[in-house]
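Tertiary structure, described
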Amino acid sequence: MNIILPRRHLLAGTGAALLAGRSARAQAKQTIRIGVLTDMSGPYRDPTGPGSVACARQAAEEFMAAHPGITVEVLSADHQNRADTGSTIARRWYDQEGVDMILDVPTSSVALAVAGVTRDKDKVFVNSGAATTDLHGAQCNPNTVHWTYDTYMLAKSTGGALTRAGGDSWYFITADYTFGHHLQRDTTRFVEEAGGKVLGGARYPFPSTTDFSSYLVQAQASRAKIIGLANAGADTVNAVKQAREFGLTRRAKMATLLMAIADVHGLGLENAQGLLLTESFYWDLNDRTRAFARRVTPKMPAGLPMGMIHAGCYAGALHYLKAVADLGPEAARRSGRAVVERMKAMPTDDDAFGAGTIRADGRKLHPSYLFEVKSPQESKGPFDYYKLVQTTAAEEAFRPMAEGGCAMTRA
């Protein structure tokens with residue numbers, strides 16, 4: 001049976017549908033999508049991975065509480081430490097899934113690939129997980145912000161301190177890709193500037209290496225005072241454990257050039273005690289970091305401490321969202337470059353890193369901290385792992401902009 005409605009009902013229905021459609025479109029324009037592209041299954045899972053996602057969601061929750069007219073959605077994906085996989089996900093997110101900003105991206109080769117896609121799509125990339133200085137140097141672009149740390153910061157703090165303390169001969173065990181190469185290069189600079197020398201080094205395949213015995217034997221044969229581990233995550237943990245098993249640490253000191261608190265947790269204080277490392281965040285640093293940790297730690301993966309890369313995802317996402325609110329969501333979605341310009345113009349301030357700034361080349365500035373890992377006897381509670389040795393001020397912690405070769409800063 002056919003039912004014929006009066007024309008006025010049809011018009012009313014059509015009008016309601018049009019109004020609903022306009023309302024839905026208006027609502028959609030107020031939704032910002034953040035994609036956390038990270039390592040969910042490989043060697044960097046613990047210092048990045050699910051913890052980075054939890055911290056991005058924390059930033060979204062806090063922002064939406066203060067800006068109820070803007071909805072923030074957080075997606076996540078595993079790039080498997082492959083540049084082709086990371087760039088493919090980035091393109092799909094931008095082109096098909098309405099992602100406005102990509103966050104985290106550990107593994108420098110993947111980060112550089114994603115930065116290029118982001119520039120081409122005029123979106124925003126806030127990197128927390130990668131260390132290469134090329135992100136704000138030779139391969140800088142107006143759509144990328146480099147937030148948490150980099151190889152220059154790590155090398156200056158840890159490498160310089162160990163050399164000045166008497167560790168004047170080095171041998172490197174290096175992950176054979178962009179990050180490892182840059183970390184060894186930058187550390188070599190500060191070792192030599194402090195009067196030390198590099199006796200040699202060995203590069204191992206990344207991410208397919210778990211047995212470091214042959215590289216450790218070569219390091220031992222060099223008779224270097226310092227064995228510099230230019231790697232991170234599970235690779236660092238495995239190398240330190242195996243060095244202790246071989247008794248190498250009785251004759252040489254291990255320099256963990258990138259070690260996160262999750263790695264210390266994985267090693268245990270019995271194995272990690274006495275190691276020097278550099279981070280830009282520690283949960284027990286001050287009242288603000290402790291307050292932040294109380295909010296976020298219950299949301300972290302069970303038993304996993306929150307580290308600097310996780311904190312960088314929170315702080316970077318929060319500052320991005322503040323810039324979106326300041327610019328307006330519609331304008332922000334039209335131009336990622338405009339959002340990054342606004343991020344640079346606005347001072348940063350959050351409970352993880354405190355007050356800071358973003359330079360013209362995209363480098364986020366904040367202090368770096370040299371820590372010594374506590375002994376089991378010194379630790380007073382869960383994740384009480386560090387004692388502060390030295391602080392490098394924000395204006396000194398990172399490579400001077402004039403040395404970076406970023407085309408955006410040339411006159």
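The protein chain goes by ABC transporter permease in an unreviewed UniProt entry, where it is assigned to Teichococcus aestuarii.

1. Remarks on the overall build of the protein chain
Looking only at helices and strands, the protein chain features 15 helices and 15 strands. Rg of the C-alpha trace for the protein chain: 23 Å, near the compact-globule value of 22 Å for 411 residues, within the 12% margin. In terms of overall dimensions, the protein chain has C-alpha extents of about 95 × 50 × 40 Å along its principal axes. Restricting to contacts in the protein chain with at least 6 residues of sequence separation, those with at least 24 account for 72%. Considering the protein chain, the positive charge centre built from 46 side chains and the negative charge centre built from 41 side chains are found 4 Å apart.

2. Overview of the sheet that holds strand 5 (residues 144-146)
In spatial order, the strands read 2-1-3-4-5; together these five strands make up an open sheet with parallel pairing. Looking at strand neighbours, the two that pair on one side only are strand 2 (71-78) and strand 5, the edges of this open sheet. Neighbour-to-neighbour, the strand axes of this sheet turn through a mean angle of 20 degrees, independent of strand direction. Here strand 1 (residues 31-38) runs beside strand 2; their pairing, made up of eight bridges, is parallel. Note that in strand 2 the partner of I34 across the bridge is V74. Running at roughly 175 degrees to strand 2, helix 2 (residues 49-66) makes contact with strand 1, strand 2 and strand 3 (101-104) of the sheet.

3. What about the domain arrangement of the protein chain?
Partitioning the protein chain into structural domains gives domain 1 (30-149 + 286-366) and domain 2 (152-279 + 369-392). Centre-to-centre, using C-alpha coordinates, domain 1 lies 27 Å away from domain 2. The partner domain 2 presents 24 residues to the 21 residues of domain 1 that form the contact. Counting the surface lost from both domain 1 and domain 2, the interface buries some 1,700 Å², and carbon and sulfur atoms represent 72% of this. Here domain 1 is connected to domain 2 by zero salt bridges. Taken together, the connections running from domain 1 to domain 2 amount to five residue pairs in polar contact (both at pLDDT 80 or more). Examining the composition of the side of domain 1 that touches domain 2, we find that three residues originate from one element, helix 4 (residues 108-121), more than from any other. Of the residues in the side of domain 1 that touches domain 2, the class split is ten nonpolar, nine polar and two charged.

Analysis parameters
Residues numbered from 1 in each chain as written. Predicted model: local features only at pLDDT ≥ 70, side-chain atom pairs only at ≥ 80, totals over all residues. Heavy atoms only, no water. Helix = DSSP H or I, 4+ residues; strand = E, 2+ residues; numbered from the N terminus. Rg over C-alpha atoms; globule rule 2.2 N^0.38 Å. Contact = heavy atoms within 4.5 Å. Lys, Arg positive; Asp, Glu negative; His and termini not counted. Charge placed at Lys NZ, Arg CZ, Asp CG, Glu CD. Pairing = 2+ DSSP bridges. Axes fitted to C-alpha atoms, helices over the stretch in contact; angles between N-to-C directions. Domains from an automatic or database assignment. Buried area = accessible area lost by both parts, 1.4 Å probe. Salt bridge = Lys/Arg side-chain N within 4 Å of Asp/Glu carboxyl O. Polar contact = N/O pair within 3.5 Å; in protein donor to acceptor, adjacent residues only side chain to side chain. Nonpolar A, V, L, I, M, F, W, Y, C, P; charged D, E, K, R; others polar.

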